[in-house]
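A structural walkthrough
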Amino acid sequence: MQKKVLLWILIPTISVFLLIMGGGVFAARHFYSKMNTTNQLVHDEVAVNDAVLNKEEDLNVINITLLGIDQDGDGSNGRSDAIKMISLDMNHQKIKMTSFQRDTLIYLPDPENDFDKLNHAYWYGGAPLTLKTLNYNFDLDITRYVAFNFDAIEEIIDIMGGVDIDIKSSEINVTNDYINHLNSLHAGDTDAPHLTKGGLQTLSGRQAMAYMRNRYVGSDFTRMERQSTVIQALVDKATTLSYSELLSLLDACLPYVETNLTLNEIIDYGTKALNFDLSQIEQLQIPSADNTHKSISYKGYSPLYIMSSYQDLVKELHAFIYNDTQYQPSQTVINTESAIYEKFGYVK
């Protein structure tokens, strides 16, 4: 049981898939103090629509956004290259995970008040603007988040002794270009070697980071799949570690985590989630890889994906998260969709 609880803390941190849970059972205050904590957000601050204001209370579903931040050494907030939402369905003891396509064209609300791709919300306004953007465009009620800096993944993988990844031959050259880039950002370190062949092999932390950053082989959906591949390899490796090794890894992870979850929330959600079936996590990708869309360039960035129906995305989300198959999108969503099509054209 101890190891199961600890994995609830560790695996969410290293995977950016779940949230940090269960710390109340094992020195929660010690672990909580290692994270960067921020103020709680209220509904008005993050544009929670009146139509969903009471869904959390009425349906006992807690939504928490998980953000994987890639700062790329440029000194900015960075971009949220992984944008996921965990929905804790307390009544049915289920966990659902929604992954949002980072390059989806949406509307960034105040103070930006312009169209852009979703992952730029973090660049402009950190986690608060990201939550506000998700709520505004998808009729959500998110006020809680966990952000994890991707810089930690390199260290975590190295502590674990590497991860096993099946590399395609077509991915080698671009991955090596990213290895060169990462080596240049860490001039005082020993350079990570290039990949020399395809096939299943053990990657170091820097090699795995370069593999995940590869955005030129396949589509951006393929890049998301590569992120998921590394994350799954991390989870698989973590389950083989001893309890003491997990504790050491957890200590290394937490300084890279930022959250506005309170200690009491972490203990409460973690304790309840211990009864959930982790092998049955339901998943949804927004938009799905086969969703009709078109790509455009805007403000010098490409591709940005325009969806065939933003209203359908909202309906799909509410059916998935709340089992609400009758939900009708708010007027905000309807107006935003119309504004996107008026400015950029309809998807045909």
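Coordinates for the structure precede this section.
In this report, we go over the structure that sits alongside the text. Computed from a predicted structure; not experimentally measured.

Thoughts on the sheet that holds strand 2 (residues 61-70)
Spatial ordering of the open sheet is given by 1-10-7-2-3-4-11, a layout of 7 strands whose pairing is mixed. Pairing within the sheet leaves two strands with one partner each, and these edge strands are strand 1 (36-37) and strand 11 (282-286). Where strand 1 lies against strand 10 (residues 257-259), 2 bridges are found, and the strand directions are parallel. Paired with N36 across the strands is E258, a residue of strand 10.

Focus: the environment of Q207
Looking at the element boundaries, Q207 is found in helix 7 (residues 205-213). Judged by relative accessible area, Q207 falls into the buried class, the value being 7%. Sequence separation between Q207 and H194 is 13 residues, and the spatial gap between their C-alpha atoms is 7.8 Å. Residue contacts for Q207: discarding those within four places in its chain leaves T175, I179, A192, P193, H194, L195 and T202.

Details of the packing of helix 6 (residues 172-185) against helix 7
For the pair helix 6 and helix 7, the least separation of the axes is 8 Å and the interaxial angle reads 125 degrees. By the angle between their axes, helix 6 is oblique relative to helix 7. Judged by the twist between their axes, the crossing of helix 6 over helix 7 is right-handed. Residues T175, Y178, I179, H181, L182 and N183 of helix 6 touch helix 7, and the partners they reach there are R206, Q207, M209, A210, Y211 and R213. Here the residues of the contact of helix 6 with helix 7 are counted per class, giving 6 nonpolar, 4 polar and 2 charged.

Some points on the side chain of K55
Summarising the element assignment, K55 is placed in helix 3 (residues 55-59). When its relative accessible area of 9% is taken as the criterion, K55 is described as buried. A polar atom in the side chain of K55 sits 3.1 Å from the side chain of H318. With residues near it in sequence (within four places) discarded, K55 still touches N60, D141, H318, Y322, D324 and Y327.

The rules behind the values
Within any chain, residue numbers begin from 1 and follow the written order of that chain's sequence. Where local features are concerned, this predicted model is filtered to residues with pLDDT of at least 70; where side-chain atom pairs are given and counted, the filter is 80 or more; whole-chain, interface and lining totals use all residues. In computing side-chain properties, one takes all heavy atoms of the structure into account and sets aside hydrogens as well as water. In this analysis, strands are considered paired if DSSP registers two or more bridges between them. Where helices and strands are cited, they refer to DSSP runs of H or I of at least four residues and of E of at least two residues respectively, numbered from the N terminus. Burial classes follow relative accessibility: with a 1.4 Å probe on protein chains only, a residue under 20% of its type's maximum area counts as buried, one over 50% as exposed, and anything between as partly exposed. For this analysis, residues touch if any pair of their heavy atoms sits within 4.5 Å. Note on geometry: axes are lines fitted to C-alpha atoms, helical ones only across the stretch in contact, with angles between N-to-C directions running from 0 to 180 degrees. Each angle gets one of four labels, with under 35 degrees taken as roughly parallel, over 145 as roughly antiparallel, 65 to 115 as roughly perpendicular, and the rest as oblique. Here a crossing is called left-handed whenever its near helix is offset anticlockwise from the far helix by less than a right angle, and right-handed whenever the offset is clockwise. Under this grouping Gly is polar, as are all residues other than the nonpolar Ala, Val, Leu, Ile, Met, Phe, Trp, Tyr, Cys and Pro and the charged Asp, Glu, Lys and Arg. Polar contacts here mean pairs of N or O atoms no more than 3.5 Å apart (in protein, one a potential hydrogen donor and the other a potential acceptor; neighbouring residues in sequence count only if both atoms are side-chain atoms).

Function cannot be inferred from these measures alone, as they are strictly geometric.
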